[in-house]
Each structure stands twice: as C-alpha cells, then as structure tokens.
Amino acid sequence: MGDLMRPEETGLLSVLHQADGAVDFSKPFERDVYLFDTYVAGTSHITGIEDLEPHLQVGDKLDFYREPNNPYDPQAIVVKIADGVKIGYIPQKDNIVFARLMDSGKLLFGKITAKETKGSWTKIEIQVFLRD
C-alpha cells in the first residue's frame, strides 16, 4: 500500500476543484455528441412563423421537449427556440429513437444549420445533438 499516491500528489484534485473549493465533475467529462441532420416539421402550422423567421439564425440552439400525449404521434418531440416559443416538431419519420433516448433521461437539443422560405413554408434544417 505504500506505493499508492495520495490524490493531491496526482494533480487530479487540482483539476476537479474550482477556485472556491467546490468540486466540478461535469465540465471535464461533458460533451455534445452529433447524432443526425434533419429539419423542423410542421412550421407551416405555427402561427406567426413568418414574423419569427427573421430572428432565427444559423447556429441558434433549439430545445427539445417530449409530447407523449400528442394525438397524432405518441413519440412527438416539440422543437422550441431559447425563449420557449414552439417552432415545430422533429419529423415523425426520425423521432422514434430520439424519443426513446429522451424518455430514458437523455438530453437532446438541436442547432439551426440552414433556413429557407419557400412560399408560405419555412424550411429550417437542424442538427440533433446528445449531451453526454
């Protein structure tokens, strides 16, 4: 046992301790894992999307929320911008795996990669990420 090093001798504690003495485990090990490219479905059904579209920028973070009581899709995932305004859904064809991940407690989010207005339809392309 004499060959074991004390934690303070390894430098590990200095990496995990903040200046105020608190221990921070999340930041050194936390990462965002890119999963998939898709688009936001249902934007044509969102009231006021035309007014909102100019404020949506490439790189903006999007929050995802499960909507298991959705009458059209029990795996529905709502897409909202940072201030909580709904802009649509993850497409039904893409959402089953993401819904299962979210239902098991995983945090998923998106980032806008492109946007385009085609007539009255606003196409918002996104990347989906898992916070691990």
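Definitions and cut-offs
Residues numbered from 1 in each chain as written. Predicted model: local features only at pLDDT ≥ 70, side-chain atom pairs only at ≥ 80, totals over all residues. Heavy atoms only, no water. Pairing = 2+ DSSP bridges. Helix = DSSP H or I, 4+ residues; strand = E, 2+ residues; numbered from the N terminus. Axes fitted to C-alpha atoms, helices over the stretch in contact; angles between N-to-C directions. Contact = heavy atoms within 4.5 Å. Buried < 20%, exposed > 50% of the residue type's maximum accessible area, 1.4 Å probe, protein only. Arc of directions from axis to C-beta. Salt bridge = Lys/Arg side-chain N within 4 Å of Asp/Glu carboxyl O. 1 Å grid on protein atoms, 1.4 Å probe; cavity = no way out; pocket = protein on both sides within 12 Å on 5 of 7 lines; lining within 4 Å. Points joined across faces, edges and corners; volume = space filled by probe spheres on them. Nonpolar A, V, L, I, M, F, W, Y, C, P; charged D, E, K, R; others polar. Core = buried A, V, L, I, M, F, W, Y, C linked by side-chain atoms within 4.5 Å. pLDDT = per-residue confidence, 0-100.

One open sheet holds the six strands; their spatial order is β1-β6-β5-β2-β3-β4, and the pairing between them is antiparallel. In the strand order of this sheet, the two ends are held by β1 (32-39) and β4 (86-89), each with one partner. Averaged over neighbouring strand pairs, the angle between their axes works out to 35 degrees when direction is ignored. In terms of strand pairing, β1 meets strand β6 (residues 121-131) through seven bridges, oriented antiparallel. Of the residues in β6, the one forming a bridge with Asp37 is Gln127. Seen against the sheet, helix α5 (residues 95-103) touches β1, β2 (61-66), β3 (77-80), β5 (107-118) and β6 and runs at an angle of roughly 80 degrees to β2.

So, about α5. Inspection of α5 places Asn95, Phe98, Ala99 and Met102 among the buried residues, and these make up the whole buried set. Buried positions in α5, seen along its axis, are confined to an arc of 100 degrees and lie on one side of it. Those residues of α5 that are exposed and angled more than 90 degrees off the buried face are Val97 and Arg100. In this structure, the buried side of α5 is in contact with β1, β2, β3, β5 and β6. Where α5 terminates, the next one or two residues include Gly105, which has phi positive at roughly 100 degrees.

Moving on to the pattern of salt bridges. What the rule picks out here adds up to seven salt bridges. The partner of Glu53 in a salt bridge is Lys115, and the shortest N-O contact between them spans 2.9 Å. A residue pair is termed long-range when its members are at least 10 positions apart, and Glu53 in the loop between α4 (49-52) and β2 and Lys115 in strand β5 qualify at 62 residues.

As a further point, take the layout of surface pockets. Of the pockets and cavities examined, the largest pocket occupies roughly 210 Å³. Taken together, Ala41, Gly42, Asn70, Tyr72, Asp73, Ala76, Tyr89, Ile90, Pro91, Gln92 and Asn95 make up the full set of residues lining the largest pocket. Tallied by class, residues from the lining of the largest pocket come to six nonpolar, four polar and one charged.

Let us now look at the nonpolar core. In terms of nonpolar packing, the biggest core is built from 21 residues, with Leu62, Phe64, Ile87, Ile90 and Ile126 touching the most fellow members. Looking at this core, the elements that each hand over two or more residues are α4, β2, β3, α5, β5 and β6. Per-element tally for this core: the top contributor is β6, with four residues. Among all residues touching Ile90, those that are not within four sequence positions of it are Thr38, Ala41, Phe64, Ile77, Val79, Asn95, Phe98, Ile126 and Val128.

With that out of the way, let us pick up the confidence of the model for the protein. Reading predicted coordinates in detail is not appropriate for stretches of low pLDDT. Chain-level statistics for the protein give a pLDDT mean of 85 and a share of 78% at 70 or above. Helix α2 (residues 12-16) is the least confidently modelled element of the protein, averaging 48 in pLDDT, while β3 averages 98, the highest of any element.

Examined against the element boundaries, Pro91 turns out to sit in the loop between β4 and α5. Classification of Pro91 by relative accessible area gives buried; the value is 2%. Separated by 14 residues in the primary sequence, Pro91 and Ile77 have C-alpha atoms spaced 8.4 Å apart. Not counting chain neighbours up to four residues away, the residues in contact with Pro91 comprise Thr38, Tyr39 and Ala41.

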